[in-house]
Amino acid sequence: ELPPSEFMQVADSTWLVLSVVSNGREPLGCQATGVTKIARSVIAPLAEHHVSVLMLSTYQTDFILVRERDLPVVIHTLAGEFDIYREEGGECVRVSCDDVSNGFLKPKPAASPTLHPVQSPQTRFCVLTVAPDTLPAIATMLIDVLFYSHSPPREAGAGSQDLDSITFFSFSLIEGYISIVMDAETQKRFPSDLLLTSSTGELWRMVRIGGQPLGFDECGIVAQIAEPLAAADISAYYISTFNFDHALVPEEGIAEVIQLLQQRQESSR
């Protein structure tokens, strides 16, 4: 419904959402847990079959977006390990590989993906949720933060390895569940009794992937972060955006994360 505009850039691809659940249940916990291991088990096989994904972690669960044209490859890649359903009229219908086998050619395994540079700003972030019925109480503040409060972010050069700070605010509303990521200073502007976070009040640090806009054709970008962190049992809250990918990790683990990713970069050379 948005009118065409010279100020709005739209990617060519149409994307479909994979919601990864365990035993038929959405993992809707009471606090953010980051990219779940079950979601990671989807990301790696898709990267090996040269399927590009966008990752969206929310306070409640994780979503993996794949291009509509890649759906046959996605189904054939995952069918051996997962039961796959599609939503039709609000009902879940089992998908068979035979449904998408016509004309399917098994892709050749992808070459080792390029490892993009990572940057770790000093900004501390909060991962929050809000009860839907309290959203009107913070609507004015939310609009101000989203559209008026911040000057355009200072972009790092391609060779930059670190940022002092980064402007980042993420708001998602998915099937009635609200998820917000904001820096700790911005959080102070909101009524504390309306923002719900984990009982520990955990703060997160960010790793931004890519020294320049990544595009949508390359595979393995999410896997670059998810695989080594999964091996180290480190939770990561992952958000793909139009230009860059962002992984948030618990603040106390940022040094270990940077070391792991640097070791992976060096070993690939």
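Residues numbered from 1 in each chain as written. Predicted model: local features only at pLDDT ≥ 70, side-chain atom pairs only at ≥ 80, totals over all residues. Heavy atoms only, no water.

Asker: Teacher, can you tell me more about the overall build of the protein here?
Answerer: Helix and strand content of the protein: six helices and 12 strands. Counting across all 269 residues of the protein, residues that qualify as buried make up 43%. As displayed, the protein offers around 15200 Å² of accessible surface, 52% of which is attributable to carbon and sulfur atoms. (Helix = DSSP H or I, 4+ residues; strand = E, 2+ residues; numbered from the N terminus. Buried < 20%, exposed > 50% of the residue type's maximum accessible area, 1.4 Å probe, protein only. Areas by Shrake-Rupley, 256 points an atom, 1.4 Å probe, with all protein chains shown as cover.)

Asker: Can you help me understand unusual backbone geometry in this one?
Answerer: Backbone geometry follows two general trends: most residues other than glycine have a negative phi, and most peptide bonds adopt the trans configuration. Its identity as a non-glycine residue notwithstanding, H50 has a phi of 60 degrees, on the positive side. Examined against the element boundaries, H50 turns out to sit in the loop between α1 (37–48) and β2 (53–57). For H50, a relative accessible area of 44% gives the class partly exposed. A positive phi angle is found at E175, which is not glycine, with a value near 50 degrees. Examined against the element boundaries, E175 turns out to sit in the loop between β8 (170–174) and β9 (177–183).

Asker: So what exactly am I meant to see when it comes to the environment of V42 here?
Answerer: Along the chain, V42 turns up in helix α1. On the basis of relative accessible area, V42 is assigned to the buried category, the value being 2%. The spatial distance from the C-alpha of V42 to the C-alpha of V20 is 8.4 Å, given a sequence separation of 22 residues.

Asker: So what exactly am I meant to see when it comes to the side chain of S13 here?
Answerer: For S13, the position within the fold is in the segment before β1 (15–19). Those residues in contact with S13 that lie beyond four places of it in its chain are R67 and R69. (Contact = heavy atoms within 4.5 Å.)

Asker: Can you help me understand the pairing of strand β11 (residues 237–240) in this one?
Answerer: The side chains of a regular strand alternate between both faces of the sheet. The alternating pattern of β11 places Y237 and I239 and Y238 and S240 on opposite faces, both of which are buried. Relative to strand β12 (residues 245–250), β11 is paired through four bridges, and the arrangement is antiparallel. When the sheet's bridge partners are listed, Y238 is paired in β12 with A247. Counting the residues between successive antiparallel strands, the hairpin from β11 to β12 contains four residues. (Pairing = 2+ DSSP bridges.)

Asker: Sorry, what's going on with the nonpolar core here?
Answerer: The nonpolar side chains of a soluble globular protein tend to be buried with one another. By size, the foremost hydrophobic cluster in this structure holds 36 residues, and its most contacted members are L46, I64, V66, I225 and Y238. Taken together, the elements giving at least two residues each to this core come down to α1, β2, β3 (62–67), α2 (71–78), β10 (204–209), α5 (221–231), β12 and α6 (254–267). In terms of residue count, the dominant contributor to this core is α5 (six residues). The contacts of L46, once residues within four sequence positions are left out, are V51, V53, V66, V74, T77 and L78. Membership of the second largest hydrophobic core comes to 16 residues, among which are L135, V145, F190 and L203. (Core = buried A, V, L, I, M, F, W, Y, C linked by side-chain atoms within 4.5 Å.)

Asker: Got a minute to help me understand the confidence of the model for the protein in this structure?
Answerer: As a general rule, the predicted coordinates of low-pLDDT regions are not to be interpreted in detail. With 81% of its residues at a pLDDT of at least 70, the protein reaches an overall mean of 81. Of the regions scoring below 50 in pLDDT, residues 27–32 engages in 13 contacts with residues more than four places distant in sequence or in other chains. Residue range residues 155–162 is modelled with pLDDT below 50. Its contacts to residues more than four positions away, or to other chains, number 17 contacts. (pLDDT = per-residue confidence, 0-100.)

Asker: Just checking my understanding: could you explain the packing of aromatic side chains for this structure?
Answerer: Each pair of aromatic rings is reported with the distance of its centres and the angle of its planes. Summed over the entire model, instances satisfying the criterion amount to three aromatic pairs. Across from the ring centre of F244, 4.1 Å away, lies the NZ or CZ of R208, which sits over that ring. (Phe/Tyr/Trp six-rings, centres within 6.5 Å; stacked < 30°, edge-to-face > 60°. Lys NZ or Arg CZ within 6 Å of the ring centre and 35° of its normal.)

Asker: What exactly am I supposed to notice about the packing of α1 against α2 here?
Answerer: Packed helices, taken two at a time, are described by the angle their axes make and the gap between the axes. Running from N to C, α1 and α2 cross one another at 120 degrees; their axes reach a closest spacing of 10 Å. As the angle between them shows, α1 and α2 are arranged oblique. Crossing geometry of α1 relative to α2 is assigned as right-handed. Of the residues in α2, those touching α1 at V42, P45 and L46 are V74, T77 and L78. The residue makeup of the contact of α1 with α2, split by class, is five nonpolar, one polar and no charged. (Axes fitted to C-alpha atoms, helices over the stretch in contact; angles between N-to-C directions. Parallel < 35°, antiparallel > 145°, perpendicular 65-115°, else oblique. Left-handed = near helix turned anticlockwise from the far one by under 90°. Nonpolar A, V, L, I, M, F, W, Y, C, P; charged D, E, K, R; others polar.)

Asker: Please clarify how α2 should be interpreted in this entry.
Answerer: Because each turn of an α-helix spans 3.6 residues, side chains separated by three or four positions end up pointing in the same direction. Every buried residue belonging to α2 is among V73, V74, I75, T77 and L78, and all of these are buried. Along its buried surface, α2 packs onto β1, α1 and β3.

Asker: What's the story with the pattern of salt bridges in this structure? I'm lost.
Answerer: A side chain of one charge can pair with a side chain of the opposite charge if their charged atoms are brought near each other. Per the stated rule, a full pass over the model turns up six salt bridges. The residue D83 makes a salt bridge to R94 at a minimum N-O spacing of 3.0 Å. Remark: R94 occurs in strand β5 (residues 91–94) and D83 occurs in the loop between α2 and β4 (85–88); sequence separation between them is 11 residues. With a shortest N-O distance of 2.4 Å, R86 and E88 are connected by a salt bridge. (Salt bridge = Lys/Arg side-chain N within 4 Å of Asp/Glu carboxyl O.)

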